[in-house]
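Fold and geometry: a report
Here is how the chains run, residue by residue.
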Number of protein chains: 2
Amino acid sequence: MKAQIFVTLKKSVLDPQGSTIERSLKQMGYDDVDSVRIGKFIELEINGDDKEKIQTEIDEMCKKLFVNPNIEEYRFELL
Amino acid sequence: MKAQIFVTLKKSVLDPQGSTIERSLKQMGYDDVDSVRIGKFIELEINGDDKEKIQTEIDEMCKKLFVNPNIEEYRFELL
């Protein structure tokens, strides 16, 4: 089974990388860009078909490894 | 309008960051993990309602700024 995990900074946390890209885009002439936020995108292949078990595992992986809960939030999809 | 852009390494390109995470996950006991690939996830807010114009713009932004076409590929969704 394939899983896609999206890790983003919390809305309340400043995203300097996003702000820099936003400025670049405006300098390039894309004046209609209003906000840019950068995150991580993790694609996992997991053996097995037990959707619930895999969901629990991915939730654990996010909490133990992928996500800094102080500044980041996450969501994931199974495909 | 909100856009989500996913930038990933091409399948033919080695992903050392992904391999490291895969090893870590296995050491943590997640033996059913088969492959891990890391990418970038960019969330854009763009003023305007002209879906086609925005699609063209985002495609340009990817080619000019976000994506290294030698080793990366991208896809995006408008929400």
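Report follows, based on the coordinates.

Basis of the calculations
- Residues numbered from 1 in each chain as written.
- Chains lettered and ligands numbered in written order.
- Predicted model: local features only at pLDDT ≥ 70, side-chain atom pairs only at ≥ 80, totals over all residues.
- Heavy atoms only, no water.
- Least-squares fit on C-alpha atoms with pLDDT ≥ 70 in both.
- Contact = heavy atoms within 4.5 Å.
- Salt bridge = Lys/Arg side-chain N within 4 Å of Asp/Glu carboxyl O.
- Helix = DSSP H or I, 4+ residues; strand = E, 2+ residues; numbered from the N terminus.
- Buried < 20%, exposed > 50% of the residue type's maximum accessible area, 1.4 Å probe, protein only.
- Buried area = accessible area lost by both parts, 1.4 Å probe.
- Pairing = 2+ DSSP bridges.
- Axes fitted to C-alpha atoms, helices over the stretch in contact; angles between N-to-C directions.
- Phe/Tyr/Trp six-rings, centres within 6.5 Å; stacked < 30°, edge-to-face > 60°.

The subject of this paragraph is the relation of the copies chain B and chain A. In the superposition of chain B on chain A (RMSD 0.0 Å, axial shift 0.0 Å), the rotation amounts to 180°. Taken together, the rotation and translation describe the operation of a two-fold axis. When you check the interface residues of chain B against chain A, 100% turn up at the interface there too, and the contact is symmetric in its surfaces.

Right, let's get into the pattern of salt bridges. Tallied over the full model, the rule gives 15 salt bridges over all chains. A salt bridge links Lys-53 of chain A to Asp-32 of chain B, with the nearest nitrogen and oxygen atoms 3.6 Å apart. Taken as a pair, Lys-53 of chain A in helix 2 (residues 51-66) and Asp-32 of chain B in the loop between helix 1 (16-27) and strand 2 (33-46) lie in two separate chains rather than in one. For Lys-53 of chain A, a relative accessible area of 45% translates into the label partly exposed. Assessed through its relative accessible area of 14%, Asp-32 of chain B is described here as buried. With a shortest N-O distance of 2.9 Å, Asp-59 of chain A and Lys-63 of chain A are connected by a salt bridge. Within this pair, Asp-59 of chain A and its partner Lys-63 of chain A are both found in helix 2, separated by 4 residues, close to a single helical turn. By relative accessible area, which is 57% here, Lys-63 of chain A ends up exposed. Where salt bridges share partners, they join Asp-32 of chain A together with Lys-53 and Glu-57 of chain B into one cluster.

Between chain B and chain A, the residue contacts involve 32 residues of the former and 32 residues of the latter. Where chain B abuts chain A, roughly 2,900 Å² becomes buried across the two surfaces, and 60% of that area is made up of carbon and sulfur atoms. The largest per-residue losses of area from chain B upon contact with chain A belong to Tyr-30, Asp-32 and Phe-41 of chain B, which jointly make up 22% of the total buried on that side. In this assembly, chain B and chain A are joined by 2 salt bridges. Those elements giving two or more residues to the side of chain B that touches chain A turn out to be strand 1 (2-9), helix 1, strand 2 and helix 2 (51-66) of chain B.

What follows concerns the sheet that holds strand 1 of chain B. Spatially, 6 strands are ordered 3(A)-1(A)-2(A)-2(B)-1(B)-3(B) in an open sheet, and the strand pairing comes out antiparallel. On the outer flanks of this sheet lie strand 3 (72-78) of chain A together with strand 3 (72-78) of chain B, each paired with one strand and no other. Strand-to-strand twist of the sheet, defined as the mean angle between neighbouring strand axes without regard to direction, takes the value 25°. The sheet contact formed by strand 1 (residues 2-9) of chain A and strand 2 (residues 33-46) of chain A spans 7 bridges and is antiparallel. Looking across to strand 2 of chain A, one finds that Phe-6 of chain A is bridged to Phe-41 of chain A.

Right, let's talk about the packing of aromatic side chains for a bit. On inspection of all chains with the given rule, the structure shows 5 aromatic pairs over all chains. Where Phe-6 of chain A meets Phe-41 of chain B, the ring centres are 5.1 Å apart and the plane angle is 55°; that geometry is what we call tilted. Taken together, the residues span two chains, with Phe-6 of chain A in strand 1 and Phe-41 of chain B in strand 2. Accessibility expressed as a relative area gives 3% for Phe-6 of chain A, which makes it buried.

Further remarks concern the environment of Gln-4 of chain A. Looking at the secondary structure, you find Gln-4 of chain A in strand 1. The spacing of Gln-4 of chain A and Glu-43 of chain A is 39 residues in sequence and 4.7 Å in space, taken between C-alpha atoms. Excluding residues that lie within four positions of it along the chain, Gln-4 of chain A makes contacts with Phe-41, Ile-42, Glu-43, Arg-75, Phe-76, Glu-77 and Leu-79 of chain A together with Arg-75 of chain B.

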